[in-house]
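# Summary of the model geometry
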There are 4 protein chains.
Amino acid sequence: MFDVALVGAGRIGRIHAANVAANPRLRLAYVVDPMADAAAALAAEHGAQVSTLDQALADPAVRGVIVASSTDTHLDFSMAAARAGKAVFCEKPLDQDLARARAAEQDFAALGVPMLLAFNRRFDVNFATLQARLAGGEMGALETLHIISHDPAPPPVDYVKVSGGIFKDMVIHDFDMARWLLGEDVTEVFAASAVLIDPAIGAAGDADTAKTILRTASGRLCVISSSRRSGYGYDQRIEAYCANGMLRAQNQLESTVERWGEGGASADRFQNFFLDRYAVAYAREIAHFADVIDGAAPLIGYRDGVAALALAEAAAQSARDGAVVRL
Amino acid sequence: MFDVALVGAGRIGRIHAANVAANPRLRLAYVVDPMADAAAALAAEHGAQVSTLDQALADPAVRGVIVASSTDTHLDFSMAAARAGKAVFCEKPLDQDLARARAAEQDFAALGVPMLLAFNRRFDVNFATLQARLAGGEMGALETLHIISHDPAPPPVDYVKVSGGIFKDMVIHDFDMARWLLGEDVTEVFAASAVLIDPAIGAAGDADTAKTILRTASGRLCVISSSRRSGYGYDQRIEAYCANGMLRAQNQLESTVERWGEGGASADRFQNFFLDRYAVAYAREIAHFADVIDGAAPLIGYRDGVAALALAEAAAQSARDGAVVRL
Amino acid sequence: MFDVALVGAGRIGRIHAANVAANPRLRLAYVVDPMADAAAALAAEHGAQVSTLDQALADPAVRGVIVASSTDTHLDFSMAAARAGKAVFCEKPLDQDLARARAAEQDFAALGVPMLLAFNRRFDVNFATLQARLAGGEMGALETLHIISHDPAPPPVDYVKVSGGIFKDMVIHDFDMARWLLGEDVTEVFAASAVLIDPAIGAAGDADTAKTILRTASGRLCVISSSRRSGYGYDQRIEAYCANGMLRAQNQLESTVERWGEGGASADRFQNFFLDRYAVAYAREIAHFADVIDGAAPLIGYRDGVAALALAEAAAQSARDGAVVRL
Amino acid sequence: MFDVALVGAGRIGRIHAANVAANPRLRLAYVVDPMADAAAALAAEHGAQVSTLDQALADPAVRGVIVASSTDTHLDFSMAAARAGKAVFCEKPLDQDLARARAAEQDFAALGVPMLLAFNRRFDVNFATLQARLAGGEMGALETLHIISHDPAPPPVDYVKVSGGIFKDMVIHDFDMARWLLGEDVTEVFAASAVLIDPAIGAAGDADTAKTILRTASGRLCVISSSRRSGYGYDQRIEAYCANGMLRAQNQLESTVERWGEGGASADRFQNFFLDRYAVAYAREIAHFADVIDGAAPLIGYRDGVAALALAEAAAQSARDGAVVRL
């Protein structure tokens, strides 16, 4: 059983804390958060101690650190944990500033500790099954990829303002997914964005809708459809077109109950909240972190965080300029 | 091109007339109906002549007769056509009286003309595909069978009163379907019926709902669910449980359009009217009649009409007595 | 937090132990099993003590007892726990002998402790959603009910021999489900059974396939289809036909991944193992036991165990005699 | 009943001839084709006469002309028919040369006869239902649109060489569909194309795969996915994302038969041949031509042919240049 420290007692930190508590291989030893009340409450719930980051890093029993604090601290806290020799679990995104993330890459690597960069969707059973079957080649070579990623409803505009923009905040998940499924680097990005949902998002300088086309080194194409609002819950589907047919992952429903009435047959609602939709993925992600502490190579690391960020910057630039950006 | 005569210019007669007209191998030569106006209108629409049955049968160019008159005349008109050496297309049911239908069986057979008994569902592409795949054995031996057959809405009580009862009027289609798919004789029938939809149907001495269990000679089981009203259109589905899995036929939709909204995803309406649901089946049935005139063995004949009627009588008796009826 | 004792360290006992351990409101205090090794291993895994039943019952801190031992001991251990004033969680079936279960009913009731009879399917999210929506009346009054309950593959014949027969061992779940959804007593049972899958099951005096029709006090009908083998995983579906349409619960899939190939579109496999299919239901069932210890009325109790057993006996008799059994 | 002349006795001409013959409001009077045998055979099949175009146009009984000859003759024959005062049914595309089609637009309009430009997909029941429901606004304003249009298998390279390229030959259908559903003009086009299926198509200077993004005057976005090969039949789906949810049209299956086996549930094959997939659409298109002859405004006309061609040219240019083309 490995002791871990959690930095950040906010919404996502509480999810990770609960999953650590439920995992027989991990023990939540410390909770670190400048909000003393939040830290105390979360620590109490799981029998952990409140501490500073330094105190937690100084404890040799701590084998891993979960960085779930605000985005601007991800990189610094990850470096601090790595310098202390702890395995790092870093929430996405690695940073909002590509240059800064790139600048630190060598330093981090030199410390020789693993980082699990927490793109939670890779741990979803549906997407993981899709990836495994694509990699297994059952439908022949992958040729093109479609990713639909529409949120149930737009976030508050105050969040949008500090989010880094739709590409860094939201589409970054899909850039990582595209890289994982395509299994190769992207060389060209074209993005068209629009404000179709909430004019206030436009007034804040961001878009709420985007369609992005990626081209890979070997010439394959990927389309990503992004929307801040679906109107019917979490719409996250992938279609992978291969030489001999197609594999795809569909949305998850709240139950298998159907209603057949005058208007036809209808299924139950799509899952509507990311903590429901990805509840199992978050638990699997923490289980993978136990593997990483135990010596396994992380499924996703620092380099993937940089690569997704680079795609997000390229897409934002393409959307601004109306031209292809070559990487 | 074969000339045919149509006896009966009612709703189903008009369907058959249109399908004869559209079939390049058949020509509608005569329309026979005691309602002179109906006969004249239908004949005019398709360039046919109004005639008596005797006149039509006397014409040596007429190779087949479609009997689509009222049920009590099916048997007499079929015999008359057969005596004149014409191939017979007889609407279901053969008769409402099992003893009478059995009594005439030898006489009809002795005349040496084919009868196509018009259980239209055998010509539905979905059910025909199911039957072919079951017979082909792709899932191993058929073990048990479920037939759902729920009408969109109950008929008028005046119709119910002369219909012969739910088993002879409605479930008879499913008895024929069961015999076709099972490919063997039924030896035991148990039926439970109820009045759950329209008390007036109960007051008329009939039921509006029934669940029937058949057992075949080799011991296999079949369940038929019958309802005079679904509330969501034509519900006619079949599930065939086999040694290695299941094959089933589902309902037909008005279009492939789906709606994804707050309440979830919903498909378009199920087809709601038998003339829509079975439009293609009626045309294929008439095309098969052209084959029969041309010498092909009918897919369904007199014996099948008797067998379905026998099952209907047995089921009605079982429902009355609350006991298994052995055939 | 309530202490509970577990009687029975077999497969289902281990499931309950893990769910108790994961539930923040319960603590596994004692494990009781004549197989000392099994008891010790399970107790060690969850930090519990091995004890005798008497020792566990003597501990006033123990508030509930989970009876997951062999079927013939369910009733005795439940009575013992009740005499000690502990809330009882009793695995299904209550007993294999209806007369015996009925004989003890008053005695149990007199002890004034609650029993949660563990028909796990009532805690499945899909079936619970179906029940709630039926009870809510969104489609009008329920009229007839179809329950499909086909296991992935038949059990070993040695198990079949001591199972009590298909109706008491397997269909009993569906009798309980039917009673729950119909919301009223069943007055007539007809069952047709057959040996279509494994002749050895027939040689052991049991059937592997059955179709049962129930009629309720108010005249509604229910069909239950039972098979020891589907060939495609757990097939447990329900269709509830109501005045204005139908509600149904479908099977659960291993993932949402689909394959579109030359042969058409195919979904992922159906869940194949009851511990996967009902993993969440077992956890919810234990959570409900915490509520029951805390004073809530059990969703299912002694009376429901007796009623399901009575239906199982009636169905077995009907299948033997080929006649309706009236209750 | 209106007499029509057919120019072109090839594959699509024969389809139109059969639909004219089956339509009670139209009569096939003349068949015109330089291949005398093909013309004679088709004329004989439907009781029409073989003639030259001039002869057919000289017959005052002829009210409409169906131009189904080779693409390079569409415009000339349409003009000739229009000069003779006949209603024109013109197969897609209007021409391969945008400048030429534009140059003739005023001349054609001046002749005052209607042209039905035969984009057959507008007459498909599924797409027409989608369009009607979008226009009806049941899900709120349309915001973005996804069109999947993948053919079952690539055409012969010899065909590709004279096809005008993937955008003019294949995607042109989708440009028309996009314009129809969006209900407004497109102002920007970006297309990425690739050779991923057949290198011979690349060697012929064409692509076999493309992803296109359109932006409309009001700022809405549309993605079109194009592939010369799906591996699983005709894949033609549309998803229309609206303010309150999504409407979509799905593929058509060969039957409703499903197979549930060890690998999961699979549906029947998707329809694989355009003459099956669009059989009903072709008949409805001819029926609409009867309406047009009778005075109705054509659903699609000359202007739509020009607009689709303009989009095809813009997309081809964008794919070549890797830059957005503004219209």
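Residues numbered from 1 in each chain as written. Chains lettered and ligands numbered in written order. Predicted model: local features only at pLDDT ≥ 70, side-chain atom pairs only at ≥ 80, totals over all residues. Heavy atoms only, no water.

### Quick look at the overall build of chain A
Within chain A, the secondary structure is distributed over 12 helices and 15 strands. Here chain A has a C-alpha radius of gyration of 20 Å; the compact-globule value for 327 residues is 20 Å, and the two agree. Considered along the principal axes of its C-alpha atoms, chain A spans approximately 55 × 50 × 45 Å. Counting across all 327 residues of chain A, residues that qualify as buried make up 63%. Per element, the accessible surface of chain A, about 11,600 Å² overall, is 51% carbon and sulfur. Computing the positive centroid from 30 side-chain charges and the negative centroid from 40, chain A places the two 3 Å apart. (Helix = DSSP H or I, 4+ residues; strand = E, 2+ residues; numbered from the N terminus. Rg over C-alpha atoms; globule rule 2.2 N^0.38 Å. Buried < 20%, exposed > 50% of the residue type's maximum accessible area, 1.4 Å probe, protein only. Areas by Shrake-Rupley, 256 points an atom, 1.4 Å probe, with all protein chains shown as cover. Lys, Arg positive; Asp, Glu negative; His and termini not counted. Charge placed at Lys NZ, Arg CZ, Asp CG, Glu CD.)

### Side note on the relation of the copies chain A and chain D
Least-squares fitting of chain A to chain D yields an RMSD of 0.0 Å, with the superposition described by an axial translation of 0.0 Å and a rotation of 180°. Such a combination of turn and shift is consistent with a two-fold rotation axis. Looking at the rotation axis and the C-alpha trace of chain A, the residue lying nearest is A:Ala323, at 2.8 Å. A symmetric contact is evident, with 100% of the interface residues of chain A recurring at the interface of chain D. (Least-squares fit on C-alpha atoms with pLDDT ≥ 70 in both. Contact = heavy atoms within 4.5 Å.)

### A word on the relation of the copies chain B and chain D
Once turned by 180° and shifted 0.0 Å along the axis, chain B lies on chain D with an RMSD of 0.0 Å. A shared binding surface is used by both copies, with 100% of the interface residues of chain B retained as interface residues in chain D.

### Considering the interface of chain A and chain D
Listed by partner, the interface residues are 36 residues for chain A and 36 residues for chain D. When chain A packs against chain D, close to 2,800 Å² is buried across both sides, 60% of that on carbon and sulfur atoms. Sorting the residues of chain A by area buried against chain D places A:Leu196, A:Lys211 and A:Ile213 first, and these three jointly supply 19% of that buried surface. Linking chain A to chain D there are four salt bridges. Note that A:Glu239 and D:Arg237 form a salt bridge whose closest N and O atoms lie 2.8 Å from each other. The tally of links between chain A and chain D comes to 17 residue pairs in polar contact (both at pLDDT 80 or more). Going through the elements one at a time, strand E7 (142-150), strand E8 (186-194), strand E9 (209-216), strand E10 (221-227), strand E11 (235-242) and strand E12 (245-249) of chain A are the ones with two or more residues in the side of chain A that touches chain D. Taken together, the residues that form the side of chain A that touches chain D break down as 15 nonpolar, 12 polar and nine charged. (Buried area = accessible area lost by both parts, 1.4 Å probe. Salt bridge = Lys/Arg side-chain N within 4 Å of Asp/Glu carboxyl O. Polar contact = N/O pair within 3.5 Å; in protein donor to acceptor, adjacent residues only side chain to side chain. Nonpolar A, V, L, I, M, F, W, Y, C, P; charged D, E, K, R; others polar.)

### Focus: the packing of aromatic side chains
Applying the stated criterion to the full structure yields 32 aromatic pairs over all chains. Where C:Trp260 meets D:Phe270, the ring centres are 4.6 Å apart and the plane angle is 45°; that geometry is what we call tilted. Of this pair, C:Trp260 sits in strand E13 (residues 257-261) while D:Phe270 is found in the loop between strand E14 (264-266) and helix H11 (274-277), placing the two residues in two different chains. For the pair shown, C:Trp260 and D:Phe270 are each scored as buried. Counting every residue linked through ring pairs, the aromatic cluster contains A:Tyr232, A:Phe270 and B:Trp260. Across the ring face of C:Tyr278, the terminal group of C:Arg277 is positioned such that the distance to the ring centre comes to 4.5 Å. (Phe/Tyr/Trp six-rings, centres within 6.5 Å; stacked < 30°, edge-to-face > 60°. Lys NZ or Arg CZ within 6 Å of the ring centre and 35° of its normal.)

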